[in-house]
Amino acid sequence: MTSTTMTFTFRPLDPLEDAELLHGWVTHPKAAFWMMQDAKLQDVERAYREIAADEHHHALLGLLDGEPAFLMEKYDPAHRELVGLYEPEPGDVGMHFLTPATDTPVHGFTKAVITAVMAHLFEDPAALRVVVEPDVRNKAVHALNEAVGFVPEREMQKPEKKALLSFCTREQFAAATGVPA
């Protein structure tokens, strides 16, 4: 299967039903930048119950052929994650995504995932610009971000990490990927 034939759908994450699946994903050594390496199952469940109850933060599962394939979070950076760290603009939406570790990687999968995540975010007409703040050491995600149109603005210190603040407008996403936004 090539990345061009992958079609993803999204569903809201269920903190109770999906906690065991997520626990395996977020505690895997390859998910070190997710910063949940030592989380117990109940810690993951609690964290996602809190997100489910938060009007400014949402967790979704990305599905491939109806099966969970990745995690996506979207948040309002005026209220979560980046409060006081940059000047949010109307239409800004924050995003995190996680593809689980696998023994059988599919070439182009992660790029297909971030492209689908961005297209999903831009389905909301109110979303004008996506904001990300990955760890400065996460070179793989920086390359993926650049591939879908993100432009780094600056490094910044968050309480839990040194992050690279980057932005991607609809126009930048469309120009980088050829996907209308």
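Note that the coordinates shown come from a computational prediction; the quantities given were computed from them, not determined experimentally.

Undergrad: Can you help me understand the packing of aromatic side chains in this one?
TA: Applying the stated criterion across every chain, the model contains five aromatic pairs. Their ring planes at 85° and their centres at 5.2 Å tell us that phenylalanine 8 and phenylalanine 70 sit as a pair that is edge-to-face. Taken together, the residues span a long stretch of sequence, with phenylalanine 8 in strand S1 (residues 8-12) and phenylalanine 70 in strand S3 (residues 67-75) at a distance of 62 residues. Summarising the aromatic geometry, the rings of phenylalanine 122 and phenylalanine 173 are spaced 5.8 Å apart at their centres and angled 40° between planes, so their arrangement reads as tilted. Taken together, the residues phenylalanine 122 in helix H3 (residues 109-122) and phenylalanine 173 in helix H5 (residues 170-177) connect sequence positions 51 residues apart. Pairwise contacts between aromatic rings join Phe8, Phe10, Phe70 and Phe109 into one cluster. Positioned above the aromatic ring of phenylalanine 167, the side-chain terminus of arginine 129 is 3.8 Å from the ring centre.

Undergrad: Quick question: what am I supposed to make of the layout of surface pockets here?
TA: Using a probe with the size of a water molecule, rolled over the atoms, empty space left in the structure can be pinpointed. A volume near 1200 Å³ is recorded for the largest pocket. Trp34, Phe97, Leu98, Thr99 and Asn138 are the residues nearest the centre of the largest pocket, which is lined by 45 residues in total. Where the lining of the largest pocket is concerned, the elements lending two or more residues are helix H2 (41-52), strand S2 (57-64), strand S4 (92-98), H3 and helix H4 (139-147). Residue composition of the lining of the largest pocket, by class: 26 nonpolar, ten polar and nine charged. Along its surface, the second largest pocket is lined by 15 residues, and Met6, Phe8, Ala112, Thr115 and Ala116 are the ones closest to its centre.

Undergrad: What exactly am I supposed to notice about the side chain of asparagine 145 here?
TA: You can see asparagine 145 is positioned in helix H4. In contact with asparagine 145, not counting residues within four places along its chain, are Ile114, Val132, Pro134 and Phe150.

Undergrad: Explain the environment of glutamate 153 to me, please; I cannot follow it from the model alone.
TA: Tracing the sequence through the fold places glutamate 153 in strand S6 (residues 151-157). Spatially, the C-alpha atoms of glutamate 153 and leucine 61 are 28 Å apart, while their sequence positions differ by 92 residues.

Undergrad: What am I meant to see in the nonpolar core here?
TA: Phe8, Met95, Met118 and Val130 are the most contacted members of the largest nonpolar core, which has 28 residues in total. Of all elements in the fold, only S2, S3, S4, H3, strand S5 (129-132) and H4 reach the threshold of two or more residues within this core. With nine residues, the single largest contributor to this core is H3. When near neighbours in sequence (up to four residues on either side) are disregarded, methionine 95 contacts Glu73, Lys74, Tyr75, Ile114, Val117, Met118, Leu121, Val130, Val131, Val132 and Phe150.

Undergrad: Help me out: how do you make sense of the pattern of salt bridges in this one?
TA: Should the charged atoms of two oppositely charged side chains come close, the side chains can pair. Under the criterion given, the structure shown has 13 salt bridges. A salt bridge links arginine 80 to aspartate 54; the shortest N-O distance between them is 2.5 Å. With arginine 80 in the loop between S3 and S4 and aspartate 54 in the loop between H2 and S2, the pair connects residues that are 26 residues apart, well separated along the chain. We note a salt bridge from glutamate 153 to arginine 154, for which the minimum N-O separation is 3.8 Å. Assessed through its relative accessible area of 33%, arginine 154 is described here as partly exposed. Connected via shared salt-bridge partners are Glu81, Glu133, Lys158, Glu160 and Lys161.

Criteria and cut-off values
Residues numbered from 1 in each chain as written. Predicted model: local features only at pLDDT ≥ 70, side-chain atom pairs only at ≥ 80, totals over all residues. Heavy atoms only, no water. Phe/Tyr/Trp six-rings, centres within 6.5 Å; stacked < 30°, edge-to-face > 60°. Helix = DSSP H or I, 4+ residues; strand = E, 2+ residues; numbered from the N terminus. Lys NZ or Arg CZ within 6 Å of the ring centre and 35° of its normal. 1 Å grid on protein atoms, 1.4 Å probe; cavity = no way out; pocket = protein on both sides within 12 Å on 5 of 7 lines; lining within 4 Å. Points joined across faces, edges and corners; volume = space filled by probe spheres on them. Nonpolar A, V, L, I, M, F, W, Y, C, P; charged D, E, K, R; others polar. Contact = heavy atoms within 4.5 Å. Core = buried A, V, L, I, M, F, W, Y, C linked by side-chain atoms within 4.5 Å. Buried < 20%, exposed > 50% of the residue type's maximum accessible area, 1.4 Å probe, protein only. Salt bridge = Lys/Arg side-chain N within 4 Å of Asp/Glu carboxyl O.

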